[in-house]
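# A look at the structure
The lines below spell out each chain.
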Amino acid sequence: MQLLAATMVGSAINPFNTLSQSNKHKWQNDVGPKPVYIPPGKGKKGKIAVNEIIFKLDKEQTSGNLGAAETTLFPGYMGAVPHRHQGFDEVCRVLQGTLTILVGEEVFKVEAGGWHLRPRGIVHSFWNSEKLPAKFIELYLPGGHETYMQQLTDLFINGRKPKPEEVDALAKKHDIEFFWEQLPPLLKKYKVRL
């Protein structure tokens, strides 16, 4: 009994003395994801039309769990052609301004401080029909959509305006299906442009 008590006390004082070498390394996080710090305003920057995007996290940094970007959508702009995807969800956190989000037939006005989930499989879009820029964080769950977004910004380099078929070709590689026919009524109704 004294031996058992001594063993238990010894383990309580140094709980790692019973760990194998491989477990010590796992606990110390010698392998796998590393912490990431991104200072304010930093990250890979791009543009989609005049709107700004800063890429913050990608799937390689998060074991595939998520990607993240910070976007500024200027007044009078549509953020995306109505579309859907089957393999990931999008979570939006509005930091400044107001973002209007369409999911299916529902329209949401998401103000600063608000959160919104756009679930996979449902056609959705978003725009800024207000008078001030809308700044928001997008989380892609699981990660991967940030790769598409980075490649999309490449189509807009030097103020270039890509053709719809270029955007469609890129989208098809990344689990995105556009519904171009839904775009004109939204542009007209909400007085925004792409």
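Basis of the calculations
- Residues numbered from 1 in each chain as written.
- Predicted model: local features only at pLDDT ≥ 70, side-chain atom pairs only at ≥ 80, totals over all residues.
- Heavy atoms only, no water.
- Helix = DSSP H or I, 4+ residues; strand = E, 2+ residues; numbered from the N terminus.
- Buried < 20%, exposed > 50% of the residue type's maximum accessible area, 1.4 Å probe, protein only.
- Contact = heavy atoms within 4.5 Å.
- Areas by Shrake-Rupley, 256 points an atom, 1.4 Å probe, with all protein chains shown as cover.
- Pairing = 2+ DSSP bridges.
- Salt bridge = Lys/Arg side-chain N within 4 Å of Asp/Glu carboxyl O.
- 1 Å grid on protein atoms, 1.4 Å probe; cavity = no way out; pocket = protein on both sides within 12 Å on 5 of 7 lines; lining within 4 Å.
- Points joined across faces, edges and corners; volume = space filled by probe spheres on them.
- Nonpolar A, V, L, I, M, F, W, Y, C, P; charged D, E, K, R; others polar.
- Polar contact = N/O pair within 3.5 Å; in protein donor to acceptor, adjacent residues only side chain to side chain.
- Arc of directions from axis to C-beta.

### Focus on the overall build of the protein chain
Scanning the protein chain for helices and strands turns up five helices and eleven strands. For the protein chain, the proportion of its 194 residues judged to be buried stands at 37%. Summarising the internal contacts of the protein chain: among those between residues at least 6 apart in sequence, 63% fall at separations of at least 24. A total of about 11600 Å² of accessible surface is found on the protein chain, and carbon and sulfur atoms cover 59% of it.

### Here we look at the pairing of strand β8 (residues 115–118)
Burial along β8 is one-sided: His116 and Arg118 are buried, and none of Trp115 and Leu117, which face the opposite way, are. In the sheet, strand β5 (residues 89–96) pairs with β8 via four bridges, with the strands oriented antiparallel. By the bridge assignment for β8, Cys92 is matched with His116.

### Section: the pattern of salt bridges
Under the defined criterion, the tally for this structure stands at seven salt bridges. Put simply, Glu177 and Arg84 hold a salt bridge, and the shortest N to O gap is 3.1 Å. A residue pair is termed long-range when its members are at least 10 positions apart, and Glu177 in strand β11 (residues 177–178) and Arg84 in strand β4 (residues 77–84) qualify at 93 residues. Taking the relative accessible area as the measure of exposure, Glu177 reaches 37% and is therefore partly exposed. Here Glu90 and Arg118 are joined by a salt bridge, their closest N and O atoms 3.1 Å apart.

### So, the layout of surface pockets
Roughly 730 Å³ of volume is contained in the largest pocket. Lining of the largest pocket is provided by 36 residues; of these, Ile48, Gly79, Leu152, Phe156 and Leu194 occupy positions nearest its centre. Those elements that provide at least two residues to the lining of the largest pocket are β1 (44–48), β2 (51–57), β3 (67–73), β4, β10 (134–141), α3 (145–154) and α4 (164–172). Here the residues of the lining of the largest pocket are counted per class, giving 22 nonpolar, seven polar and seven charged.

### With respect to the side chain of Glu90
Structurally, the position occupied by Glu90 is in strand β5. Overall, the relative accessible area of 3% leaves Glu90 in the buried class. Looking at Glu90, its side chain comes within polar contact range of the side chain of His85, at 2.9 Å. A distance of 2.8 Å separates a polar atom in the side chain of Glu90 from a polar atom in the side chain of His124.

### Overview of the environment of Gln96
Relative to the helices and strands, Gln96 resides in strand β5. The partly exposed category is assigned to Gln96, whose relative accessible area is 45%. Measuring from C-alpha to C-alpha, the distance between Gln96 and Ala112 comes to 4.8 Å, with 16 residues separating the pair along the chain. Aside from chain neighbours lying at most four places away, what touches Gln96 is Ala112, Pro133, Ala134 and Lys135.

### Observations concerning α4
Val167, Leu170 and Ala171 are the residues of α4 that are buried. End-on view of α4: buried residues confined to an arc of 100°, all on one side of the axis. Turned more than 90 degrees off the buried face of α4, the exposed positions are Glu165 and Lys172. On its buried face, α4 sits against α3 and β11.

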